[in-house]
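# Architecture at a glance
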Amino acid sequence: MKHAAHSTRRTSHAHARTSAITTLGEQGRRSMTRRRSQAAEVLNAVDAALADKLNEVAPESRRSMRIAAKRNAHKAHLLAGTAMAALVGTAAGSIALAGPRSVNASSTDGGSTTSLVRNVSDSSTSSSDASAASRSQSRVSLNEGVSSSANNGSEGTWALGDSKIDTSQLSRAKADNAVVAKLLDANKDVLPSGFNPDHATGDSGNAYSFSQCTWWVYLRRHQLGLPVGSHFGDGHQWASSAQALGYWVDNTPRNVGDIMVFRTGQEGSSSAYGHVAIVEKINADGSVVTSECGSSYNGKTFSRTFTNVHDFQYIHY
């Protein structure tokens, strides 16, 4: 009986050990399975993140770019349509609030006349109240005050009204010399046909002897900003020398700075060399005041007034 009890205990202990080992094995397997599952989830997450990253850095295909462009264009079209609908709704609301009484079109002399909306509050409004309507409340016919010739669309009318623009500057003539450009406008009605204001001047510096009439005239023309030649010769030769270079020459004083040419012996000039002077002023009666010089004046100038102005030649510019 003792041996049987010992055998039973050994069997029980062996069974317990076996059960414990089995339990531990099942727990180990379950733990292993759980770890494998967790590892698989981590790998899947890493694969998804890696795929997203690769998609970010990978270049777009042409097909994907076309699809994206179409998607953006469709979105822009929808936005534009929405904005247009909003504008139309706003305009419709404004028209509804304005409540125009009438819009009519009638035919006059075979043409079409359109009358704009005249918004008058009530038929009972007095004439004084109607005349006081603001610009936004009252409109007149488009054709009111327009001639029938303008109705056919071939002609229109306009007016400057009160303008402070200096219109004389709008027609300024062009010339290399700014002073000459101003004089061209002043003399535009009497300029010779085909006159070229940018002709050769013949100027290479003051080559005339000190205190001679020619020396002073050259000097004074430069002071006034007007062209003058350096080798026009003796005083009486200046008109023909200037004309040969294209200067405007005639027998009428026209501007301050004109060169007045004396023939030999004329008005006390040298019988051999003639004389030249500068027109400094043109009086209201047509007479001219000159500035002049001569060899005996040692560079000093004097002045005279002439009434027989058309007896001389004048070099203008």
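Structure: see above.
For the structure given in this document, a descriptive report is provided here. (Residues numbered from 1 in each chain as written. Predicted model: local features only at pLDDT ≥ 70, side-chain atom pairs only at ≥ 80, totals over all residues. Heavy atoms only, no water.)

For the rest of this paragraph, the subject is the overall build of the protein chain. Looking only at helices and strands, the protein chain features seven helices and eight strands. Residue pairs at least 24 apart in sequence account for 54% of intrachain contacts in the protein chain once pairs closer than 6 positions are excluded. Of the roughly 22,100 Å² of accessible surface on the protein chain, a fraction of 55% belongs to carbon and sulfur atoms. (Helix = DSSP H or I, 4+ residues; strand = E, 2+ residues; numbered from the N terminus. Contact = heavy atoms within 4.5 Å. Areas by Shrake-Rupley, 256 points an atom, 1.4 Å probe, with all protein chains shown as cover.)

Counting across every chain of the model gives three salt bridges. Note that Arg304 is salt-bridged to Glu292, the shortest N-O span being 2.7 Å. With Arg304 in the loop between β6 (288–291) and β7 (305–306) and Glu292 in the loop between β6 and β7, this pair connects stretches of sequence that are twelve residues apart. For Arg304, a relative accessible area of 26% gives the class partly exposed. Assessed through its relative accessible area of 0%, Glu292 is described here as buried. (Salt bridge = Lys/Arg side-chain N within 4 Å of Asp/Glu carboxyl O. Buried < 20%, exposed > 50% of the residue type's maximum accessible area, 1.4 Å probe, protein only.)

What follows concerns the nonpolar core. One finds Trp238, Ile259, Val261, Val276 and Ile315 to be the most contacted residues of the largest nonpolar core, which totals 19 residues. For this core, the leading source of residues is helix α6 (residues 213–223), giving five residues. Contacts of Ile259, omitting those with residues within four sequence positions, involve Val217, Arg221, Val228, Trp238, Val276, Ala277, Ile278, Gln313, Tyr314 and Ile315. (Core = buried A, V, L, I, M, F, W, Y, C linked by side-chain atoms within 4.5 Å.)

Turning our eyes to something else, we now look at helix α7 (residues 238–245). The periodicity of an α-helix, 3.6 residues per turn, causes residues three or four places apart in sequence to face the same way. Every buried residue of α7 is accounted for by Trp238, Ala239 and Ala242. Looking straight down α7, one finds that the buried residues subtend no more than 95 degrees of arc, so they occupy a single side. The inward-facing, buried residues of α7 contact α6, β3 (249–250), β4 (259–262), β5 (275–282) and β8 (313–315). Of the residues one or two after α7, Gly246 is the one with positive phi, at around 110 degrees. (Arc of directions from axis to C-beta.)

Turning our attention to the packing of aromatic side chains. The geometry of two aromatic rings is summed up by the distance between their centres and the angle between their planes. Counted according to the given criterion, the structure contains twelve aromatic pairs. Where Phe232 meets Trp238, the ring centres are 5.0 Å apart and the plane angle is 90 degrees; that geometry is what we call edge-to-face. Here the aromatic residues Tyr208, Tyr218, Phe232, Trp238 and Tyr247 are joined through ring pairs into a cluster of three or more. (Phe/Tyr/Trp six-rings, centres within 6.5 Å; stacked < 30°, edge-to-face > 60°.)

Read from one edge to the other, the open sheet built from six strands follows the order β3-β8-β4-β5-β6-β7, with strand pairing classed as antiparallel. In the strand order of this sheet, the two ends are held by β3 and β7, each with one partner. Pairing geometry for β6 and β7, over two bridges, is antiparallel. Looking across to β7, one finds that Val288 is bridged to Phe306. (Pairing = 2+ DSSP bridges.)

A few words on the side chain of Asp250. When you line up the elements, Asp250 lands in strand β3. Here Asp250 falls in the buried class, since its relative accessible area comes to 15%. Only 2.6 Å separates the side chain of Asp250 from the side chain of His316, close enough to count as a polar contact. In contact with Asp250, other than residues within four places in its own chain, are Phe312, Gln313, Tyr314 and His316. (Polar contact = N/O pair within 3.5 Å; in protein donor to acceptor, adjacent residues only side chain to side chain.)

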